[in-house]
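# A look at the structure
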Amino acid sequence: MTMLPPPSLRLDLDTAALADNWRSLDRLSGAARAGAAVKADAYGLGVGNVVPVLAQAGARDFLVAHWSEVPAVLAHVPADRIAVLHGPMSEADCRFARATGVRPVLNSLAQGARWVNTGGGPCDLMVDTGINRLGLALSDLGDPLVARLAVDTLMSHLASADEDVPQNAEQLARFRDVSAAVPARRRSLANSAGIGLGDAYAFDVTRPGLALYGGIPRAELVAAIRQVAYPRAAILQVRQIEAGEGVGYNAAFVASRPMRVGVVSLGYADGFLRCWGARGYLRYEGAKLPLLGKVSMDMVVVDLAAAPGAREGEWVDVPYYLPAASERSSLSQYELLTTLGQRYRA
Ligand SMILES: *Cc1c(COP(=O)(O)O)cnc(C)c1O
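Residues numbered from 1 in each chain as written. Predicted model: local features only at pLDDT ≥ 70, side-chain atom pairs only at ≥ 80, totals over all residues. Heavy atoms only, no water.

## Some words on the site of the ligand
Of all residues adjacent to the ligand, which total 14 residues, the nearest are Lys 39, Tyr 43, Ser 192, Leu 210 and Tyr 334. Ser 192 is positioned with one of its side-chain polar atoms (N or O) 2.5 Å from an oxygen atom of the ligand. Protein burial of the ligand: of its 390 Å² of free accessible surface, 94% is covered by the chains. Each residue belonging to the shell around the ligand can be placed in one class, and the counts come to 7 nonpolar, 4 polar and 3 charged. (Near = heavy atom within 4 Å. Polar contact = N/O pair within 3.5 Å; in protein donor to acceptor, adjacent residues only side chain to side chain. Areas by Shrake-Rupley, 256 points an atom, 1.4 Å probe, with all protein chains shown as cover. Nonpolar A, V, L, I, M, F, W, Y, C, P; charged D, E, K, R; others polar.)

Encoded structure:
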């Protein structure tokens with residue numbers, strides 16, 4: 001086949017930072033060992049790029065949400081290190097779990113019954129201590145079915161670990177009670193933000209996702225976490241415009257003076273949504289290039305006043321230090337990662 005020409009979008013991953021982030025989160029987890037949430041294609045960064053690096057750094061437990069996400073992870077780590085958070089919705093899911101050897105996370109008595117009735121075996125168990133998302137209700141724990149489960153990891157999930165609210169301590173106290181009541185090989189409560197809450201929340205295994213990839217949900221993690229994802233986009237065209245001319249859809253920006261502007265290969269399909277709006281900018285060799293007008297589907301236009309040397313075909317940086325990018329775009333750090341799209345090339 002004819003070789004593809006070079007791309008006009010790049011996603012450069014700092015894999016040393018990714019490995020360091022895992023090691024830092026593992027250290028902050030105290031006696032517990034950090035796992036890794038790699039659902040949603042490792043939060044948009046690519047399971048194939050991320051999982052080998054984390055496994056090499058020392059991560060043993062990998063979490064996906066969907067059964068469809070298993071094969072990509074299984075290509076890099078043994079099955080008994082993978083758990084599927086959405087759990088078995090059908091007998092076909094149970095068969096798939098057994099055939100591959102990955103563990104389902106059971107989230108209800110119905111899922112538990114399905115797993116036991118199709119043969120049982122090692123599983124994880126999610127208990128809801130207050131998020132009201134997935135998980136057995138505390139009132140379900142006395143059901144005789146629970147005693148029949150071979151629970152590897154007993155889990156719960158924090159609702160507000162990125163905030164200092166009483167709900168954190170309430171969930172911790174409930175999870176301690178659950179831990180005393182349900183036999184399991186290991187216990188696990190903390191996501192990235194939960195690790196920032198301190199040792200008491202760590203139990204045996206922690207489950208960071210966001211912070212592995214450079215997200216910072218709590219101030220305690222600022223010093224420990226480095227940026228991993230660096231999106232870069234090419235300048236497709238440089239144009240000279242006159243005072244009074246509009247730029248882009250609906251002429252949302254109108255020049256008040258003659259300007260040199262750059263049309264950059266970056267749009268919604270690449271995670272760059274209209275909410276970046278007037279506060280957004282790109283950078284060329286450090287110089288700030290403010291966005292002009294609206295983001296188009298595949299392009300944005302920037303002011304090149306600060307970068308007189310910028311030429312067509314050159315790269316500009318998309319500022320993606322996640323806490324700051326979140327602040328400016330009003331997208332969550334999770335959204336910034338998971339919407340990056342399919343058109344970037346390494
Ligand atoms: C996604 C997820 C995580 C990881 O959460 P982050 O906030 O990204 O660290 C941990 N546990 C469960 C159950 C999850 O669904």
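## Considering the packing of aromatic side chains
Within a pair of aromatic rings, the relevant descriptors are the distance that separates the centres and the angle that separates the planes. What the rule picks out here adds up to 5 aromatic pairs. Ring centres of Phe 272 and Trp 276 lie 4.8 Å apart, and the angle between their planes is 10°; this geometry places the pair in the stacked category. Judged by relative accessible area, Phe 272 falls into the buried class, the value being 2%. What links up through ring pairs into an aromatic cluster is the set Tyr 43, Tyr 213 and Tyr 334. Lying over the aromatic face of Trp 315, Arg 10 brings its terminal NZ or CZ to 4.6 Å of the ring centre. Looking at Lys 288, its charged tip hangs above the ring of Tyr 281, at a distance of 4.5 Å from the centre. (Phe/Tyr/Trp six-rings, centres within 6.5 Å; stacked < 30°, edge-to-face > 60°. Buried < 20%, exposed > 50% of the residue type's maximum accessible area, 1.4 Å probe, protein only. Lys NZ or Arg CZ within 6 Å of the ring centre and 35° of its normal.)

## Thoughts on the environment of Asn 250
Of note, Asn 250 is situated in the loop between strand 12 (246-247) and strand 13 (253-254). Judged by relative accessible area, Asn 250 falls into the exposed class, the value being 62%. In the structure, Asn 250 is positioned 43 residues away from Gly 293 in sequence and 8.3 Å away in space, judged by C-alpha atoms. (Helix = DSSP H or I, 4+ residues; strand = E, 2+ residues; numbered from the N terminus.)

## What to know about the nonpolar core
If you look at the biggest cluster of nonpolar residues, it comprises 94 residues, and the most contacted ones within it are Val 38, Leu 54, Leu 125, Tyr 213, Leu 266 and Leu 282. The greatest single-element share of this core, amounting to 6 residues, is contributed by helix 3 (residues 47-57). Among the domains, domain 1 (14-221) and domain 2 (229-319) are the pair contributing at least three residues each to this core. In contact with Leu 266, other than residues within four places in its own chain, are Leu 9, Ala 233, Phe 272, Leu 282, Val 295, Asp 298, Met 299, Val 300, Val 318 and Tyr 344. Of all hydrophobic cores here, the second largest spans 8 residues; its members include Ile 241, Val 247, Leu 292 and Val 301. (Core = buried A, V, L, I, M, F, W, Y, C linked by side-chain atoms within 4.5 Å. Domains from an automatic or database assignment. Contact = heavy atoms within 4.5 Å.)

## Describing the domain arrangement of the protein chain
Interface size is commonly expressed as the accessible surface area that is lost when the partners come together. Each domain of the protein chain was delimited in the assignment, giving domain 1 (14-221) and domain 2 (229-319). In this structure, domain 1 and domain 2 have C-alpha centres spaced 41 Å apart.

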